[in-house]
Amino acid sequence: MELEHCSFPDNLLYDLEGNTWITNDESEEATVGMTSLLSAIAGKFTSARIRPAGTRVKRGRSLGTLESLKFVGPIPSPVSGIISLVNVDVVKRPKLMNDAPYAQGWVVKLRSLGFQGESGLLSRATDATEVFKKKIAEFHAHCFKAFPDHEMYEIGTECSAVLVRLNELLATIPIGDVVHLVTDDPTSYVEMVRWMDQTGHELVDWRQEGNLFHFIVRKGH
């Protein structure tokens, strides 16, 4: 399911309060991760400290701690269980939880204890539509096809000047990094397409919201 460009796979169960998901599986081991909504709210994750394998946690207690530039908080476990495996990749590169929250960005494998008794406290995506919509609106969350590494807000600036600043930023960042550009210039889409053809950088996503234009640009070379 997709709501306001944020994805919520139908095959998972969600802890709506904790913004976590768990595989809908009554077997001994389940996978736990963070939702795309939390990613959009928190911004780029900069640190992930996860409790070690063998740790026993109760539902709602912390599996670890996440940090971003505007968020510090626990990862509440959606069910009670014992951590069987930690995703060391997200510890080394926390942005994986932004880039692929339902795939490579999973957090832990959990041997659940009493899954049947606690699964009733979790929700399927289709049953949580209104809750997700409310949270997206409340936090002004934006989900895009690629999660940005950098943000540019250029309001009241002509597009030609905006593109100069964008070029300056792109010159300083690694190939493959993604920039989220927000502008209110009504000519910006036409100018961005022309700029993309000239520079070889990739326009990954874009949308208009009111008088604002959002562009997701990936550095191509």
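In case you missed it, the structure is sitting above this.
Definitions and limits used
- Residues numbered from 1 in each chain as written.
- Predicted model: local features only at pLDDT ≥ 70, side-chain atom pairs only at ≥ 80, totals over all residues.
- Heavy atoms only, no water.
- Phe/Tyr/Trp six-rings, centres within 6.5 Å; stacked < 30°, edge-to-face > 60°.
- Helix = DSSP H or I, 4+ residues; strand = E, 2+ residues; numbered from the N terminus.
- Buried < 20%, exposed > 50% of the residue type's maximum accessible area, 1.4 Å probe, protein only.
- Pairing = 2+ DSSP bridges.
- Patch = residues over 30% accessible without salt bridge, like charges linked within 9 Å, V, L, I, M, F, W, Y side chains within 5 Å.
- Areas by Shrake-Rupley, 256 points an atom, 1.4 Å probe, with all protein chains shown as cover.
- Salt bridge = Lys/Arg side-chain N within 4 Å of Asp/Glu carboxyl O.
- Expected span 1.5 Å × (residues − 1).
- Arc of directions from axis to C-beta.
- Disulfide = S-S within 2.5 Å.
- 1 Å grid on protein atoms, 1.4 Å probe; cavity = no way out; pocket = protein on both sides within 12 Å on 5 of 7 lines; lining within 4 Å.
- Points joined across faces, edges and corners; volume = space filled by probe spheres on them.
- Core = buried A, V, L, I, M, F, W, Y, C linked by side-chain atoms within 4.5 Å.
- Contact = heavy atoms within 4.5 Å.

Visitor: What exactly am I supposed to notice about the packing of aromatic side chains here?
Guide: We describe a pair of aromatic rings using the distance from one ring centre to the other and the angle between the two ring planes. In total, this model carries 7 aromatic pairs according to the counting rule given. For the pair Tyr14 and Phe132, a centre-to-centre distance of 5.6 Å together with 85 degrees between the ring planes defines the contact as edge-to-face. Placement of the pair is Tyr14 in strand β3 (residues 12–15) and Phe132 in helix α5 (residues 129–138), with a sequence separation of 118 residues. Look at Tyr14 and you get buried, because its relative accessible area is 0%.

Visitor: What is the right way to read the sheet that holds strand β5 (residues 29–34) from this model?
Guide: With antiparallel pairing, 7 strands are arranged side by side in an open sheet as β7-β10-β11-β5-β4-β3-β12. Of all strands in the sheet, those bounded by a partner on one side alone are β7 (56–57) and β12 (123–124). As paired strands, β5 and strand β11 (residues 108–112) are joined by 4 bridges and run antiparallel to one another. Bridging from a neighbouring strand, Thr31 pairs with Lys109 of β11.

Visitor: What is the right way to look at a nonpolar patch on the surface in this model?
Guide: Taken together, Tyr189, Val190 and Trp206 make up a surface patch of nonpolar side chains, about 270 Å² in accessible area. Tracing the backbone through its elements, the reader meets Val190 in helix α7 (residues 188–199).

Visitor: Even after reading the chapter, I still don't get α7, so can you show me in this structure?
Guide: Within an α-helix, residues lying three or four positions from one another point in the same direction, as the helix has 3.6 residues per turn. In a regular helix each residue adds 1.5 Å, so 12 residues correspond to 16 Å; α7 covers 16 Å between its end C-alpha atoms and thus fits that length. Burial in α7 covers these residues: Ser188, Met192, Trp195 and Thr199. Along the axis of α7, the buried residues cluster in a sector spanning 65 degrees; they form a single face. Along α7, exposed side chains directed more than 90 degrees from the buried face belong to Val190 and Asp197.

Visitor: Explain the state of the cysteines here, please?
Guide: This model, assessed by the stated rule, comprises 1 disulfide. Between the sulfur atoms of Cys6 and its disulfide partner Cys143 the distance amounts to 2.0 Å. Every disulfide takes its handedness from the sign of the S-S torsion; for Cys6 and Cys143 that torsion is 90 degrees, giving right-handed. Taken together, the residues span a long stretch of sequence, with Cys6 in strand β2 (residues 6–7) and Cys143 in the loop between α5 and β13 (150–154) at a distance of 137 residues. Using a relative accessible area of 0% as the deciding quantity, one classes Cys6 as buried.

Visitor: Would you mind going over the layout of surface pockets with me for this structure?
Guide: A probe matching the size of a water molecule, rolled over the atoms, marks out where space remains unfilled. Reported here for the largest pocket is a volume of approximately 390 Å³. Those elements giving two or more residues to the lining of the largest pocket turn out to be α1 (36–42) and β13. Approximately 290 Å³ is the volume found for the second largest pocket. At the level of secondary structure, the elements contributing two or more residues to the lining of the second largest pocket comprise β2, α1, α3 (96–99) and β15 (202–209). It is α1 that provides the largest number of residues to the lining of the second largest pocket, a total of 3 residues.

Visitor: Would you explain the nonpolar core in this entry?
Guide: For soluble globular proteins, nonpolar side chains are generally found buried alongside one another. Counting 25 residues, the largest nonpolar core has Ile22, Leu63, Leu66, Met97 and Val108 as its most contacted members. Looking at this core, the elements that each hand over two or more residues are β5, α1, β6 (45–50), β8 (62–68), β10 (81–86), α3 and β11. Setting aside anything within four residues of it in sequence, one finds Ile22 in contact with Leu12, Leu13, Ala30, Thr31, Val32, Pro78, Val79, Phe115 and Leu122.

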